[in-house]
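The residues making up each chain are set out below.
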Amino acid sequence: RRVTAEKLLAMAAEVVALGLVLLVSLWVGAQVIDMGVSFVHLAAAATGAVLLAVGFGAIALLVGAATGSRGAAVGVAAALAVAAYLVNSLAALVSQLEGVQKLTPFYHYEAPDPLREGFSPAHLGVLAAIAVVAALAAVLAVYRPDIGT
């Protein structure tokens, strides 16, 4: 379980570092072309992206910890991410998906429109909760093959 927790922390640290690179890059680009987007709003978008990525990373680690299979971890997390993205994107066109849309992490990343409105604690809280629950479940679900046989 310690190794799983360390992997989670390492993954989260890498994603946060990439989020900071994203934030600085966006800010520099916004200044160069005079987009008129504030640093705080860019930070809100980058924070949402980081939480979204950590959530799916924690889901991948959960599947890997539970099954002991790297392929299953990547496959399940990628399939969930693609399905969630498609549901969120297609909900504007398919009315039957509107109710399910709010269950997707992409909705909580995109719905508050961080580049215009800034931070949305409620939506960021949902993204954080997904990451924390998946991370805790990963630590508890560590795959332990029976080494006695």
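Please read all numbers here as calculations on a predicted model, not as lab measurements. Along each chain, the written sequence defines residue order, and numbers are assigned to residues from 1. Totals for whole chains, interfaces and linings use all residues, but because this is a predicted model, local features are given only for residues with pLDDT of at least 70 and pairs of side-chain atoms are given and counted only at 80 or more. The basis for the side-chain values is all heavy atoms of the structure; hydrogens and waters are excluded.

Draft legend 1. Quick peek at the pattern of salt bridges. A side-chain nitrogen of Lys or Arg and a carboxyl oxygen of Asp or Glu constitute a salt bridge if their distance falls within 4 Å. In the structure shown here, the tally under the stated rule is 2 salt bridges. For Arg2, the salt bridge identified is with Glu6, shortest N-O distance 2.6 Å. Here Arg2 and its partner Glu6 are both found in helix α1 (residues 2-32), 4 residues apart, which amounts to about one turn of the helix. Exposure categories follow from relative accessible area, calculated using a 1.4 Å probe and restricted to protein chains: below 20% of the type maximum is buried, above 50% is exposed, and the middle band is partly exposed. With relative accessibility at 59%, the residue Arg2 sits in the exposed group. Taking the shortest distance from any N to any O, the salt bridge between Asp113 and Arg116 comes out at 3.4 Å. Numbering of helices and strands runs from the N terminus; a helix is a DSSP stretch of H or I covering at least four residues, while a strand is a stretch of E covering at least two.

Draft legend 2. Seen up close, a nonpolar patch on the surface. Patch membership requires over 30% relative accessible area and the absence of a salt bridge. Like charges are linked within 9 Å, and nonpolar side chains (Val, Leu, Ile, Met, Phe, Trp, Tyr) within 5 Å. Working definition of accessibility: Shrake-Rupley area with a 1.4 Å probe, residue cover restricted to the visible protein chains. A grouping of Val24, Trp27, Val28, Val32, Ile33, Met35 and Phe39 is seen on the molecular surface, where their side chains present a nonpolar patch of about 690 Å² in accessible area. If you tally residues by element for the nonpolar patch, the top one is α1, at 4 residues. On the basis of relative accessible area, Trp27 is assigned to the partly exposed category, the value being 35%.

Draft legend 3. Inspection of the environment of Leu52 at higher detail. Topologically, Leu52 is positioned in helix α2 (residues 39-67). A sequence separation of 37 residues divides Leu52 from Val15, and the C-alpha atoms of the two residues are 9.9 Å apart. Every residue pair with non-hydrogen atoms within 4.5 Å of one another is taken to be in contact. Non-local contacts of Leu52, meaning those with residues more than four positions away in its chain, are made with Pro105, Phe106, Tyr109 and Leu127.

Draft legend 4. Representation of the packing of α2 against helix α7 (residues 121-140). Note on method: axes are straight lines fitted to C-alpha atoms, helices fitted across the in-contact stretch only, with angles between N-to-C directions ranging 0 to 180 degrees. The interhelical angle for the contact between α2 and α7, taken along N-to-C directions, is 20 degrees, at an axis separation of 8 Å. With respect to α7, the element α2 is oriented roughly parallel. Handedness of the crossing formed by α2 with α7: left-handed. Packed against α2, whose contacting residues are Thr47, Gly48, Leu51, Leu52, Val54, Gly55, Ala58, Ile59, Leu61, Leu62 and Ala65, the element α7 presents Leu124, Leu127, Ala128, Ile130, Ala131, Ala134, Ala135, Ala137 and Ala138 at the interface. For this classification, the nonpolar set comprises Ala, Val, Leu, Ile, Met, Phe, Trp, Tyr, Cys and Pro, the charged set comprises Asp, Glu, Lys and Arg, and every other residue, Gly included, is treated as polar. Here the contact of α2 with α7 is composed, by residue class, of 17 nonpolar, 3 polar and no charged. Roughly parallel means an angle under 35 degrees; roughly antiparallel means over 145; roughly perpendicular covers 65 to 115; every other angle is labelled oblique. Crossings are sorted by hand: turned counterclockwise from the far helix by less than a right angle, the near helix makes the crossing left-handed, and turned clockwise it makes it right-handed.

Draft legend 5. Broad picture of the nonpolar core. To form a nonpolar core, buried Ala, Val, Leu, Ile, Met, Phe, Trp, Tyr and Cys residues must be joined to one another through side-chain atoms within 4.5 Å. By size, the foremost hydrophobic cluster in this structure holds 21 residues, and its most contacted members are Leu8, Val54 and Phe56. Of all the secondary structure elements, the ones that give two or more residues to this core are α1, α2, α3 (70-90) and α7.

Draft legend 6. Just the packing of aromatic side chains, in detail. Only rings of Phe, Tyr and Trp enter the pairing, Trp through its six-membered ring, and a pair is recorded when the two centres are within 6.5 Å. The plane angle decides the type: under 30 degrees is stacked, over 60 is edge-to-face, the rest tilted. Counted under the stated rule, the structure contains 3 aromatic pairs. Ring centres of Tyr85 and Phe106 lie 5.5 Å apart, and the angle between their planes is 80 degrees; on these two criteria the pair is classed as edge-to-face. Of the two residues, Tyr85 sits in helix α3 while Phe106 sits in helix α5 (residues 105-110), which places them 21 residues apart along the sequence. One aromatic cluster in this structure is built from Phe56, Tyr85 and Phe106.

Draft legend 7. Geometry of the environment of Leu124. Mapped onto the fold, Leu124 is located in helix α7. Considered as a pair, Leu124 and Trp27 are 97 residues apart in the sequence and their alpha carbons are 21 Å apart. The residues contacting Leu124, other than those within four sequence positions of it, are Thr47, Gly48, Leu51 and Phe119.

These figures come from the coordinates and say nothing about function on their own.
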